[in-house]
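Residue strings, one per chain:
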Amino acid sequence: MSYTLPIPQPGTHTRPFWEGAKAGKLMLPRCQDCNRVHWYPRHLCPKCHSDNLEWIEASGEGTIHTYAVQHLAFGPWAAEAPYVTAYIDLKEGDRMLTVLRGVDAGKPQDIRIGAAVKVEFELANDDVHIPFWRVVEE
Ligand SMILES: [Zn+2]
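Rules used in this analysis
Residues numbered from 1 in each chain as written. Predicted model: local features only at pLDDT ≥ 70, side-chain atom pairs only at ≥ 80, totals over all residues. Helix = DSSP H or I, 4+ residues; strand = E, 2+ residues; numbered from the N terminus. Pairing = 2+ DSSP bridges.

1. Focus: unusual backbone geometry
- Residue Tyr40 follows Trp39 across a cis peptide bond; omega there is 20°.
- Within the secondary structure, Tyr40 is located in the loop between strand E1 (27–31) and strand E2 (53–57).
- Omega for the bond connecting Ala81 with Pro82 falls within 30 degrees of zero, at -5°, which places this linkage in the cis form.
- Structurally, the position occupied by Pro82 is in the loop between strand E3 (61–70) and strand E4 (83–90).
- At Asn35, a residue that is not glycine, the phi angle is positive and equals roughly 70°.
- By the element assignment, Asn35 lies in the loop between E1 and E2.
- Located in the positive-phi region is Asp94, a residue other than glycine, with phi close to 70°.
- When you line up the elements, Asp94 lands in the loop between E4 and strand E5 (95–101).

2. As for the pairing of strand E7 (residues 129–135)
- Pairing of E5 with E7 involves two bridges; the strand directions are parallel. Pairing of Arg101 across the sheet is with Arg134, part of E7.
- With seven bridges joining them, strand E6 (residues 116–123) and E7 adopt antiparallel strand pairing. Within E7, the position partnered with Glu122 by the bridge is Ile130.
- Hairpin remark: E6 followed by E7, antiparallel, with five residues in the connecting loop.

Dropping the structure here:
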């Protein structure tokens, strides 16, 4: 079955992230001046505005900060509804928006704020592997 959802186009600014994803690694930008890890990738640190940034391999671990059930979606996502989106508090810092895997969108009461999640990668095509997060505890 071919991948039917939108596939991001890696650019020069995000290439380390996508190369990591292809290798099953979650790469995050970190400021070498203030040590803050931030998401999404930017040219400057959002805390101290330094351009002295590096990419680090993250643990791929986090917790659910909040979530929402998407009952109505458009375009290629329409066939996925209902599904759950969530903000993940990354272990290394900052938050990442995701489609949450391993949860029942029909039973949102079973989804717990603070639940541990782990990143996984879906193969969109030979070059792009897209990160999603999955609950790893009840
Ligand atoms: Zn900084």
